[in-house]
Amino acid sequence: MSETQSNRAFWVGVAVAVAATLLLFFWPRVAEELRPQPRRAHVAIEGDDGVARSASINVEYGTEVTLHAVLEAETAGGESIYYTEAAALEIDGQRISPERLRPWDRPEGLAVLWFTVEGKVPYVPISDEGSLDEWQFEEFFRADWPRTWSIRADVTSRHGVHLPRSEADRERSFGVQRYHVRLELRQPDRPAYVQERYRSVGADSVFELGDRFPTLSVELPGPLARASSVFGLSQLEPVGDLPPSALERLVALSANHFAFSRATLFRDILRDRGPTLDQLPWQIVTLGADALSWSDEVSAGDFVRVGGRVTVLFQDRGLPDQLDDQDLCFDFERGTRIRSLAEVFTEGARVEWAGQR
């Protein structure tokens, strides 16, 4: 080998060594820049068709529903990919191709925190426009839920977690619930330090997005459908004479399934039956032995009232096949609750019943 060739080989070797050193030095930064960069979080709800959607869905009672956390990230080429456990995904109405879905496979730790998005309080007396302005949606952290990418959907209200409730009320699996998730990126060597936090749409977007907000609605079948559909919503109850503008807002909130009042609820229940509540064929009944029969006369969805307090019958729970004070009803007094008739009406009260048959 000539001296010129030897020098050339030497400098080529030096160049390769320098390049290798620079590559080793800068590779972590280059690799980080080449990796997909997280941008935003989503909640996607999967019903019985196997597709998780970042929108409102309605399912039949008894359907198994899964909530999926989704972290959208952008590749170096500007394409979006989605970290999730969902097998099929739809974001903002657009179906995502399977090759753009992947599980979280990065070294950073990622904490999944679930929230429900509900009215600030379950019951609000509305006396004027100002009362409506003060009521808003709020994000409630669900510390009782698993901190995993995918969880079974739960429609129970955060407001009821610490309140004394009947077993049927605690185990309720119908109604409306809205969801929010926060994904916290943490370094492997500093798990307590939150490096970045990504949020899905939250309380400030409910009115704007409407049925595009991640919402699960589960109704009971048959005559209980409408009454069961308001569980989980705030009850905004008029007090006194409201101005027309406030009444219009109440009706709109009910029509869009943001909240409800007894007036709008009973109007909707009776819509296909013609009369108003006062025009129903009410009859005085006794509760207990020799009372009306569930198999022949009484049925779920019937009305039972004492004075102006009207309930909707739910289940036969006391004496078999007899209307008695242990049977369950939907009560809409200062919020939605499942109660026994004994919890609603005092002993010896004048009880009236109006059936749907």
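This is a predicted model, so every value here is computed, not measured.

Caption draft 1: View of the packing of aromatic side chains. Throughout the structure, instances matching the rule amount to 20 aromatic pairs. Here the aromatic rings of Trp145 and Tyr179 are separated by 6.2 Å at their centres, their planes lie at 45°, and the arrangement is tilted. One end of the pair, Trp145, is in the loop between β11 (137-141) and β12 (150-152); the other, Tyr179, is in strand β13 (residues 175-187), with 34 residues separating them in the sequence. For the ring pair Phe174 and Phe330, a centre distance of 5.6 Å and an interplane angle of 40° mean the geometry is tilted.

Caption draft 2: Here's a closer look at helix α7 (residues 262-270). Within α7, the full set of buried residues consists of Thr264, Leu265, Phe266, Asp268, Ile269 and Leu270. Here the buried face of α7 lies against α5 (225-228), α6 (244-255), β17 (259-260), β19 (303-306) and β20 (309-315).

Caption draft 3: A look at the sheet that holds strand β16 (residues 234-238). Ordered by their spatial adjacency, 3 strands build an open sheet running β10-β16-β17, and the pairing between neighbours is parallel. Of all strands in the sheet, those with a lone pairing partner are β10 (123-126) and β17, marking the two edges. Across 2 bridges, β16 lies against β17 in parallel orientation. By the bridge assignment for β17, Gln235 is matched with Phe260.

Caption draft 4: How the structure looks around the nonpolar core. Judged by nonpolar contacts, the single largest core of 53 residues is most densely connected at Phe303, Phe330 and Phe332. Ranked by residues supplied to this core, first place goes to β13 with 5 residues. Counting 17 residues, the second largest nonpolar core, distinct from the first, contains Val117, Leu132, Ala203 and Leu236.

Caption draft 5: Just the confidence of the model for the chain, in detail. Predicted confidence across the chain gives a mean pLDDT of 87, with 85% of residues reaching 70 or more. Predicted confidence is poor over residues 26-33, with pLDDT under 50, and the contacts of this stretch with residues over four places away or in other chains come to 3 contacts.

Caption draft 6: Spatial organisation of the sheet that holds strand β21 (residues 328-331). In space, the 6 strands of this open sheet follow the order β18-β23-β19-β20-β21-β22, with antiparallel pairing throughout. Each edge of the open sheet is held by one strand with a lone partner, namely β18 (283-284) and β22 (337-340). Bridge count between β19 and strand β23 (residues 352-354): 3 bridges; the pairing is antiparallel. Paired with Val304 across the strands is Trp353, a residue of β23.

Caption draft 7: Representation of the side chain of Ser157 in the model. Position of Ser157 relative to the elements: it lies in the loop between β12 and α3 (167-170). Ignoring sequence-local partners within four residues, the contact set of Ser157 consists of Glu118, Arg142, Arg172 and Gln177.

Caption draft 8: How the structure looks around the pairing of β13. Counting buried positions along β13 yields 11 of 13 residues, so the element is predominantly enclosed. Looking at chain direction, strand β9 (residues 109-119) and β13 are connected through 9 bridges and run antiparallel. Looking across to β13, one finds that Gly109 is bridged to Arg186. With 4 bridges connecting them, β13 and strand β15 (residues 215-219) associate as antiparallel partners. Residue pairing across strands places Gln177 opposite Leu216, the latter belonging to β15.

Caption draft 9: Focus on unusual backbone geometry. In this model, Asp92 sits at a positive phi of 50°, which is unusual for a non-glycine residue. With respect to the helices and strands, the residue Asp92 is situated in the loop between β6 (89-91) and β7 (94-96). The class for Asp92 is exposed, based on a relative accessible area of 54%. A positive phi angle, near 65°, is found at His257, a position not held by glycine. Along the chain, the position of His257 falls in the loop between α6 and β17.

Cut-offs applied
Residues numbered from 1 in each chain as written. Predicted model: local features only at pLDDT ≥ 70, side-chain atom pairs only at ≥ 80, totals over all residues. Heavy atoms only, no water. Phe/Tyr/Trp six-rings, centres within 6.5 Å; stacked < 30°, edge-to-face > 60°. Helix = DSSP H or I, 4+ residues; strand = E, 2+ residues; numbered from the N terminus. Buried < 20%, exposed > 50% of the residue type's maximum accessible area, 1.4 Å probe, protein only. Contact = heavy atoms within 4.5 Å. Pairing = 2+ DSSP bridges. Core = buried A, V, L, I, M, F, W, Y, C linked by side-chain atoms within 4.5 Å. pLDDT = per-residue confidence, 0-100.

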